[in-house]
Amino acid sequence: MYEFVFTYHVPLFFFVSGFFANCSGRYTTAEYIKKKVNTLVIPYLFLGLLNIVFGVLLYNLDFHTFLLMFKSFSGIRSNMDYFGSMWFFPCLFFMEVLYELLYRVFRSRRLLVFVGVLFYALFCLLKMQAHILLSLDCVLLYFIYFALGSLLYKYIKDFKVFRLSAAGKAVFGVAVICSVVLACLTFFQKGHLVSQVIYLIKFKPLFLIVLYGWDIAIALNMIFVSILIAKYWKWGFLGKLGSETLIFCGTEWIIKDGLQSIVEMLGGTCNLENPFQVVAFSMGCLVISHFTITALLKRSFPRLVGEKTICKTGESLP
């Protein structure tokens, strides 16, 4: 389950974030950057400090572990438990600012998708390890998905199957079937089957293009499946949870470890032994977060968690 989810969940996050790029000209560049400071930078600093306080109180951390936590607070992407998801905040901030500046220059979403391909190729050629301050290297890695989200949003939003011709519906149906089959192959084989075939390519430049392109293809396929589910399975509560994604990223460690600590205090255990238990626990964390810490932070510190921004006239808006 872990390997399967990691084939697409981060690309999906940035793809959806691209829906809200400032291509309509609603804000000037300065206003847009100020808005992103309010909704990303300030919550990043506030939630990071909140996590450090939680870690010190819950684990009585030694100085070395405290330094590791502070390293995560510096925006360096890592898989350590201490608020590992926090790297999303600076990465998304710099990605949105970069996209805004490039769009002001080129005025073409399609061209910025090509720029994203070049960034991705640069990341792969330099063999970066995604461990740079403020996750600036991850901007290169995921920019293509943000650019694609910005480009495709209007088509996704307005797409209706019933508007297609008979031939169009047939093609769409075949595409859905192929996509689901590939998703199942990705889950059960983890993409290894096709990767083994790719390694048979002897011409190195072509090998690298196909190998890294396959990773993008797998991610985009799962994004397509996710969009289908989201478009045709309406459940308002999931929308509420989705709108709180960034707050949950900033408090994920508090919820997960806090919940496990409470279970252990009551004499229970919290060992997740199969994918169903993992999914159930993750969903439980989201729901508990929605009704507890997220609700508290949104109500008590709305500005510090990005729930209120300043519009052009200075009026406070949710």
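Coordinates for the structure precede this section.
Read on for a plain summary of the structure. Keep in mind that what you see is a predicted model, and the values were worked out from it rather than measured.

Definitions and cut-offs
- Residues numbered from 1 in each chain as written.
- Predicted model: local features only at pLDDT ≥ 70, side-chain atom pairs only at ≥ 80, totals over all residues.
- Heavy atoms only, no water.
- Core = buried A, V, L, I, M, F, W, Y, C linked by side-chain atoms within 4.5 Å.
- Buried < 20%, exposed > 50% of the residue type's maximum accessible area, 1.4 Å probe, protein only.
- Helix = DSSP H or I, 4+ residues; strand = E, 2+ residues; numbered from the N terminus.
- Contact = heavy atoms within 4.5 Å.
- Phe/Tyr/Trp six-rings, centres within 6.5 Å; stacked < 30°, edge-to-face > 60°.
- Axes fitted to C-alpha atoms, helices over the stretch in contact; angles between N-to-C directions.
- Parallel < 35°, antiparallel > 145°, perpendicular 65-115°, else oblique.
- Left-handed = near helix turned anticlockwise from the far one by under 90°.
- Nonpolar A, V, L, I, M, F, W, Y, C, P; charged D, E, K, R; others polar.

Looking at the nonpolar core
Point 1. Ranked by size, the top nonpolar core spans 68 residues in total, and within it F14, W87, M95, Y99, Y142, F143 and Y145 carry the most contacts.
Point 2. Broken down by element, the residue count for this core peaks at 13 residues, all from helix α7 (residues 136-158).
Point 3. When sequence neighbours within four positions are dropped, the list of residues in contact with Y145 reads P11, F14, F15, D215, I216, A219, L220 and I223.
Point 4. I198, F207, L211 and W214 belong to the second largest nonpolar core, which has five residues in total.

Re the packing of aromatic side chains
Point 1. All chains considered together, the criterion is met by 26 aromatic pairs.
Point 2. Aromatic pair F15 and F19: ring centres 5.6 Å apart, planes at 70°, arrangement edge-to-face. For the pair shown, F15 and F19 are each scored as buried.
Point 3. An angle of 55° between the planes, with centres 6.5 Å apart, marks the rings of F19 and F20 as tilted.
Point 4. Taking relative accessible area as the criterion, F19 reaches 19% and is therefore assigned buried.
Point 5. Residue F20 is classed as exposed on the basis of its relative accessible area of 55%.

Some thoughts on the packing of helix α3 (residues 29-59) against helix α12 (residues 245-265)
Point 1. Packing of α3 against α12 leaves a shortest axis separation of 8 Å and a crossing angle of 15°. As judged from the angle between their axes, α3 and α12 are roughly parallel. Judged by the sense of rotation from one axis to the other, the crossing of α3 with α12 is left-handed. Together, T39, L40, L47, L50, N51, F54, G55, L58 and Y59 of α3 and L246, I247, G250, T251, W253, I254, D257, G258 and S261 of α12 make up the contact between the two elements.
Point 2. Here the contact of α3 with α12 is composed, by residue class, of 10 nonpolar, seven polar and one charged.

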